[in-house]
Amino acid sequence: MKLTESLRISWRAITGHKLRSTLTTLGIVLGIGAVIVFMVLGGAFEQDIVGEFEQEESTSMQVLTTTDSNFGQGGFQSNIYTQSDIEAVENIEGVDWVAPDGDLSVVQLRHGGETVTGGGGLGSFSVTATAPERFDHGLFEMVDGEPFEEGQRGQAVVNEELVDLYDGDVEVGDEIDLVFKDGMTETVTVTGIVNDDTGNGIPPRVHVDTGYYQTKIDDPDGNRERAYSFLLVNAESLDTVDQTQQRVQEYFDAESDAAQLKGDDQGIDVQTVEDAVEQFQSIVNQIAVLLGGIAGISLIVGSIGIANIMIVSVTERTREIGIMKAVGARKRDIIQLFLVEAVILGSIGAVLGVMAGLGVGYVGVSITGWPMVYPINWILIAVAVGGFVGVFSGLYPAWRAARVDPIQALRRE
């Protein structure tokens, strides 16, 4: 039997039972649609965060504390990077500057007669002590004003999120009162506004000079020193980033105070922006695949549905099969006929699933403001899976149809 004839007969059988065929393909539509939605949203989320960093190379690297439980993302706060470590890193070949990062115990902000409470940790804002070199960097764009002067108290740089916190009523030259946990109040003048959004959920933030930072620990030699939870290191040029990263990592692995102060289950990781981006992409991809796998359970349900309907179809068309055999149809012709019908059902479900998934994904990214991403590889995989599900689901029914005894089939009413 020619393939075109099998297609014609199969299509006639499918369209002859429209409701049944629709319900049969629904499981495939839902399964593939869910997979595509997850891949669209996962890709859009990833692109929204890392897209701008992929467009330009960076000379910066971050020194952070990692544990086995935080996927190396620096979520663990540990004040182990001493002032001695900072000075030693500044003297490493290839290092341009080092900017520490330490949170201050500020519990309230006052500006323009409005008070905001809840600073520190996961609060509504944070106040960070750092170095002005931090803002001389591609990741952090000064949108207005300039950085504060090093060693100068009474000055601050705020980010755009803090401006939004006060409904846009913060400008360069304004004063902000910082109320510390011990009740002390410091007034700072805004010298600049920075865009420091690196896609990690940056809160409203006030940046001040390290002169405000008073967190001290005993270093391995028993001396009291300031200690920070994070360092930003900048290499002298793009050409020396990799070598500089290696030297800084070697220092923290062997000679640093931090190496002796960290916990046994902690590590110190020196990451370039590219390293952080790749690590984030890996985690997002793993999550997307996991969610896609869960959604793929619907494909199993859909394949069972197709197999069930094809078995019913064999039973209903027993007499038709007998007539076809009586006029010369071979076993392989019968197998081909039912396989083609199953593949058509699976392919229709795959195409409709891809369309539904892209549609729902587009609505999702439109609501979140993320860029639309078309997962071409997953679309091709989805279509292939639809065809495979059809073949897999139709094998047994086709084999069963081919074994029908034509004499017994012709006797069947």
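Just above sits the structure.
So, a few notes on the structure that sits alongside this text.

Definitions and cut-offs
Residues numbered from 1 in each chain as written. Predicted model: local features only at pLDDT ≥ 70, side-chain atom pairs only at ≥ 80, totals over all residues. Heavy atoms only, no water. Buried < 20%, exposed > 50% of the residue type's maximum accessible area, 1.4 Å probe, protein only. Helix = DSSP H or I, 4+ residues; strand = E, 2+ residues; numbered from the N terminus. Pairing = 2+ DSSP bridges. 1 Å grid on protein atoms, 1.4 Å probe; cavity = no way out; pocket = protein on both sides within 12 Å on 5 of 7 lines; lining within 4 Å. Points joined across faces, edges and corners; volume = space filled by probe spheres on them. Nonpolar A, V, L, I, M, F, W, Y, C, P; charged D, E, K, R; others polar. Core = buried A, V, L, I, M, F, W, Y, C linked by side-chain atoms within 4.5 Å. Contact = heavy atoms within 4.5 Å. Axes fitted to C-alpha atoms, helices over the stretch in contact; angles between N-to-C directions. Parallel < 35°, antiparallel > 145°, perpendicular 65-115°, else oblique. Left-handed = near helix turned anticlockwise from the far one by under 90°. Salt bridge = Lys/Arg side-chain N within 4 Å of Asp/Glu carboxyl O. Expected span 1.5 Å × (residues − 1). Arc of directions from axis to C-beta. Patch = residues over 30% accessible without salt bridge, like charges linked within 9 Å, V, L, I, M, F, W, Y side chains within 5 Å. Areas by Shrake-Rupley, 256 points an atom, 1.4 Å probe, with all protein chains shown as cover. Lys, Arg positive; Asp, Glu negative; His and termini not counted. Charge placed at Lys NZ, Arg CZ, Asp CG, Glu CD. Phe/Tyr/Trp six-rings, centres within 6.5 Å; stacked < 30°, edge-to-face > 60°. Lys NZ or Arg CZ within 6 Å of the ring centre and 35° of its normal.

## A look at the pairing of strand β11 (residues 205–209)
The buried fraction of β11 amounts to 5 of the 5 residues, a majority that puts the element mostly inside the structure. Strand direction decides the pairing type here: strand β6 (residues 126–130) and β11, joined by 5 bridges, are parallel. Along β11, the bridge assignment pairs Ser126 with Arg205. Direction of pairing for strand β8 (residues 155–159) relative to β11: antiparallel, over a ladder of 2 bridges. Of the residues in β11, the one forming a bridge with Val158 is Val206.

## Some points on empty space enclosed by the protein
Evaluation of the coordinates by the stated rule reveals 2 cavities of 30 Å³ or more. The space that makes up the largest cavity amounts to roughly 50 Å³. Lining the largest cavity, in full, are Ala13, Ile14, Arg20, Ser21, Ile309, Glu341 and Leu345. Residue assignment for the lining of the largest cavity shows that the elements contributing at least two residues are α1 (3–15), α2 (18–54) and α10 (331–368). When its residues are assigned to classes, the lining of the largest cavity shows 4 nonpolar, 1 polar and 2 charged.

## Here we look at the nonpolar core
Counting 43 residues, the largest nonpolar core has Leu109, Leu178 and Phe252 as its most contacted members. When residues in this core are grouped by element, the largest group, 4 residues, is from helix α5 (residues 241–254). Beyond its immediate stretch of four places on either side in the chain, Leu109 contacts Glu114, Thr115, Val116, Phe125, Val127, Leu162, Tyr166, Ile176, Asp177, Leu178 and Val206. Judged by nonpolar contacts, the second largest core, of 30 residues, contains Ile9, Leu345, Leu358 and Ala402.

## Topic: the sheet that holds strand β12 (residues 216–218)
The strand order across the open sheet formed by 3 strands is β2-β13-β12, and the pairing between neighbours is antiparallel. Both outer strands of the open sheet, β2 (81–82) and β12, are each paired with one neighbouring strand and no more.

## Considering the packing of helix α9 (residues 318–326) against α10
The geometry of α9 relative to α10 is characterised by a closest axis approach of 10 Å and an angle of 140° between their N-to-C directions. Of the possible angle classes, the one that applies to α9 and α10 is oblique. The handedness of the crossing between α9 and α10 is right-handed. Judged by residue contacts, Ile321, Met324 and Lys325 of α9 engage Lys331, Ile334, Leu337 and Phe338 from α10. Across the contact of α9 with α10, the residue classes break down as 5 nonpolar, no polar and 2 charged.

## Describing the pattern of salt bridges
Here the structure, examined in full by the defined rule, presents 4 salt bridges. The residue Arg153 makes a salt bridge to Glu186 at a minimum N-O spacing of 2.9 Å. One end of the pair, Arg153, is in the loop between β7 (141–145) and β8; the other, Glu186, is in strand β10 (residues 185–195), with 33 residues separating them in the sequence. Exposure remark for Glu186: the relative accessible area of 18% places this residue in the buried category. For the salt bridge of Asp218 with Arg224, the shortest nitrogen-to-oxygen distance reads 3.4 Å. Classification of Asp218 by relative accessible area gives partly exposed; the value is 43%. What makes Arg224 exposed here is its relative accessible area of 53%.

## Considering the environment of Ala34
Relative to the helices and strands, Ala34 resides in helix α2. Judged by its relative accessible area of 24%, Ala34 falls in the partly exposed class. Expressed as a C-alpha distance, the spacing of Ala34 and Gly357, which sit 323 residues apart in the sequence, is 6.2 Å.

## Re α1
The end-to-end C-alpha distance of α1 is 18 Å, a good match for the 18 Å that 13 residues give at a rise of 1.5 Å each. Listed in full, the buried residues belonging to α1 are Ser6, Ile9, Ser10, Ala13 and Ile14. Seen end-on, α1 carries its buried residues on one side only, within an arc spanning 140°.

## Digging into a negative patch on the surface
Together, Asp48, Glu114, Glu141, Asp144, Glu160, Asp164, Asp167, Asp169, Glu171 and Asp197 give the surface a local cluster of negative charge. Broken down by secondary-structure element, the contributors of at least two residues to the negative patch are β7 and α4 (160–165). Here Glu114 shows up in strand β5 (residues 114–117). In this structure Glu114 comes out as partly exposed when scored by relative accessible area, which is 35%.

## Looking at the packing of aromatic side chains
Considering all chains together, one arrives at 5 aromatic pairs under this definition. Between Phe45 and Trp370, the aromatic rings sit 5.3 Å apart at their centres with planes inclined by 50°, giving tilted as the arrangement. Residue Phe45 is located in helix α2, and its partner Trp370 is located in the loop between α10 and α11 (376–402); the two are separated by 325 residues in the primary sequence. The exposure class of Trp370 is partly exposed, given its relative accessible area of 26%. Arranged with centres 5.2 Å apart and planes meeting at 75°, the rings of Tyr251 and Phe252 form a pair that is edge-to-face. Classification of Phe252 as buried rests on a relative accessible area of 1%. Through a chain of ring-to-ring contacts, the aromatic side chains of Tyr81, Tyr251 and Phe252 assemble into a single cluster. The ring of Tyr212 carries Arg153 above its face, with NZ or CZ at 4.1 Å from the centroid.

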